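Here are the chains, one letter per residue:
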Amino acid sequence: MCIRDRYKGDPLIREELNPIAKVSQEFLASIESSSFRKLPKEPYKVLDAPGLRNDFYLNIVDWSSTDILAVALSHALYVLKENLTQVELILEIPPGNEITALSFSPNGSHLFLGYTSGAVQVVDTEASKVVASYTGHSSVVTCGSWLNDSLFSTGADDKLILDRDVRTPTPFVKFHEGHKQKVCNLKWSLDGRFLASGGCDNKALVWDLHHVSPLLTLSGHTAAVKGLAWNPLSGNLLATGGGTDDRSIKIWDCVDNKCLKSTDTGSQVCCMEFSKRGHELITTHGYMNNAISLWNPYSLAKLGAIAGNSGRVLHLAISPDGETVATGAEDETLKFWKMFPSGKKGKECVSSLILSCMELR
């Protein structure tokens, strides 16, 4: 199994943040029609990714702060780096088990892996080897998120959230129990105060590191809450997105415990991320339109959309320079989009995964 470059046709060798001022929120929310902007019609790069799981509940693509993209394909873990000319097979998984979740630590030195068996591992990304293995979950591990470079949390079909510490062999240092059905996603806020979880019980819960019970229960969705994203300009603001029977995006103030905005997207919300500067929210969708959409994160005015994807856009990651978005879809492809260009001309982009125009179709 390999990742193939669609354009070439050849197999590749293998700090606490301050809340944004109210006046700034009002100003940004007022910019609606004038902010509708042109988005790329085509990805600048497409890679075949045979074995990329067509499963709404999994989280198997991530992009590290050191500019390495990790993707789980069937029974194998690959990383892509060096202008996509270097694809490394890191792990092969025995039949009967698969990688169902992965996430890089903030400094990129470690990669968490979750499995269908309920097992959890941590990979040293420089040495490309497993350095820790954990138990604790009794079923499929669907998600994970790092608080810092030592502590991370995992969620699973067993409805539990477990906090882990790579500095100790203890299976977990704390557990959180509150969801009535499987945990779909986890996201620690950038300031480390809050952990958000989304579940198949149609709820998002907000936790901290010190309590086993949730601080907040965010109700209002009518389907599984898979989409989760913290606004990098304010540790208080959380975006959530619901599944096929809900289709909405909601913005929550997790200090005042209220929903600030909500909009019906018309489609299943699979993933969401804020742009690195926090001025835009990107979402990917499944049934019915399979689109990639861009939103004003305060007014939820739609700023643009990329339609025409051949299937659900299930996976999303943003390059560390904030310019490029990687998406994974049920057609078993990875696509790279120039969503947030810097506007600088004549300079090489920071990300090493930006390819030259010679490689376009």
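Owing to the predicted nature of the structure, the values given are computational and were not obtained by experimental measurement.

What counts and what doesn't
Residues numbered from 1 in each chain as written. Predicted model: local features only at pLDDT ≥ 70, side-chain atom pairs only at ≥ 80, totals over all residues. Heavy atoms only, no water. Helix = DSSP H or I, 4+ residues; strand = E, 2+ residues; numbered from the N terminus. Buried < 20%, exposed > 50% of the residue type's maximum accessible area, 1.4 Å probe, protein only. Areas by Shrake-Rupley, 256 points an atom, 1.4 Å probe, with all protein chains shown as cover. Lys, Arg positive; Asp, Glu negative; His and termini not counted. Salt bridge = Lys/Arg side-chain N within 4 Å of Asp/Glu carboxyl O. Polar contact = N/O pair within 3.5 Å; in protein donor to acceptor, adjacent residues only side chain to side chain. 1 Å grid on protein atoms, 1.4 Å probe; cavity = no way out; pocket = protein on both sides within 12 Å on 5 of 7 lines; lining within 4 Å. Points joined across faces, edges and corners; volume = space filled by probe spheres on them. Nonpolar A, V, L, I, M, F, W, Y, C, P; charged D, E, K, R; others polar. Patch = residues over 30% accessible without salt bridge, like charges linked within 9 Å, V, L, I, M, F, W, Y side chains within 5 Å. Pairing = 2+ DSSP bridges. Axes fitted to C-alpha atoms, helices over the stretch in contact; angles between N-to-C directions.

Caption draft 1: Representation of the overall build of the protein chain. Assigned secondary structure in the protein chain consists of one helix and 29 strands. Each of the 361 residues in the protein chain was classed as buried or not, and the buried ones make up 58%. When the accessible surface of the protein chain is totalled, it reaches about 15,000 Å², and 50% of it is carbon and sulfur.

Caption draft 2: Representation of the side chain of Asp 201. Mapping Asp 201 onto the fold places it in the loop between strand S16 (195-199) and strand S17 (204-207). The side chain of Asp 201 is buried and forms no salt bridge, while Lys 203, the nearest opposite charge, is found at 5.8 Å. Only 3.3 Å separates the side chain of Asp 201 from the backbone nitrogen of Lys 203, close enough to count as a polar contact.

Caption draft 3: The pattern of salt bridges, seen in detail. Applying the stated criterion across every chain yields a total of nine salt bridges. Residues Glu 88 and Lys 81 are paired through a salt bridge, measuring 3.2 Å at the closest nitrogen-oxygen approach. By relative accessible area, Glu 88 is classed as buried at 19%. Put simply, Asp 191 and Arg 193 hold a salt bridge, and the shortest N to O gap is 2.9 Å. On the accessibility criterion, Asp 191 (15% relative accessible area) is buried. Residue Arg 193 is classed as partly exposed on the basis of its relative accessible area, which comes to 30%. Beyond isolated ion pairs, a larger network of salt bridges with shared partners links Arg 53, Asp 55 and Glu 98.

Caption draft 4: Region of interest: unusual backbone geometry. In the segment running from Tyr 287 into Met 288, the intervening peptide bond is cis, with an omega of 20°. In this structure, Met 288 sits in the loop between strand S24 (281-285) and strand S25 (292-295). Of note, the phi angle at Glu 332 is positive, near 60°, even though the residue is not glycine. For Glu 332, the location among the structural elements is in the loop between strand S28 (324-329) and strand S29 (333-338). Classification of Glu 332 as partly exposed rests on a relative accessible area of 33%.

Caption draft 5: Just empty space enclosed by the protein, in detail. As a volume, the largest cavity reaches approximately 60 Å³. Lining the largest cavity we find Ile 68, Leu 77, Val 79, Lys 81, Ile 90, Leu 111, Val 123, Thr 125 and Ser 128. Of the residues forming the lining of the largest cavity, the biggest block, three residues, is contributed by strand S5 (residues 76-81). Each residue belonging to the lining of the largest cavity can be placed in one class, and the counts come to six nonpolar, two polar and one charged.

Caption draft 6: Seen up close, a nonpolar patch on the surface. On the surface, Phe 172, Phe 175 and Val 212 cluster together to form a nonpolar patch covering roughly 230 Å² of accessible area. Mapped onto the secondary structure, Val 212 falls in the loop between S17 and strand S18 (216-218). With a relative accessible area of 38%, Val 212 lands in the partly exposed category.

Caption draft 7: Examining the sheet that holds strand S19 (residues 225-230) more closely. A sheet is described by the order of its strands in space; here four strands give the open sequence S19-S20-S21-S22, paired in antiparallel fashion. If you trace the sheet from one side to the other, it starts and ends with S19 and strand S22 (258-264), each paired once. Along the sheet, successive strands turn relative to each other by an average axial angle of 20°, direction set aside. Pairing analysis gives five bridges linking S19 to strand S20 (residues 237-242), with the strands arranged antiparallel.

Caption draft 8: Local environment of the layout of surface pockets. Roughly 1,100 Å³ of volume is contained in the largest pocket. For the largest pocket, the lining is made up of 42 residues, of which Asp 62, Lys 187, Leu 190, Glu 273 and Lys 276 are closest to its centre. Taken together, the elements giving at least two residues each to the lining of the largest pocket come down to strand S3 (61-63), strand S7 (99-104), strand S11 (141-146), strand S15 (183-188), S19, strand S23 (269-274) and strand S27 (313-318). Tallied by class, residues from the lining of the largest pocket come to 25 nonpolar, 12 polar and five charged.

Caption draft 9: Spatial organisation of the pairing of S16. Buried residues dominate S16, accounting for five of its five residues. Along S16, one buried face is formed by Leu 195, Ser 197 and Gly 199 and the opposite face, lined by Ala 196 and Gly 198, is buried too. Two strands pair when backbone bridges link them, and S15 and S16 are joined in this way by five bridges, in the antiparallel orientation. Looking at S16, one finds that Leu 186 is bridged to Ser 197. The hairpin formed by S15 and S16 contains six residues between the paired strands, and Gly 192 there has a positive phi angle of roughly 80°. As judged from the four bridges shared by S16 and S17, these two strands associate in the antiparallel manner. Within the sheet, the bridge partner assigned to Ser 197 lies in S17 and is Leu 205. Counted between consecutive antiparallel strands, the loop separating S16 from S17 contains four residues, among which Asn 202 sits at a positive phi close to 70°.

No statement about biological role is implied by the geometric values presented.
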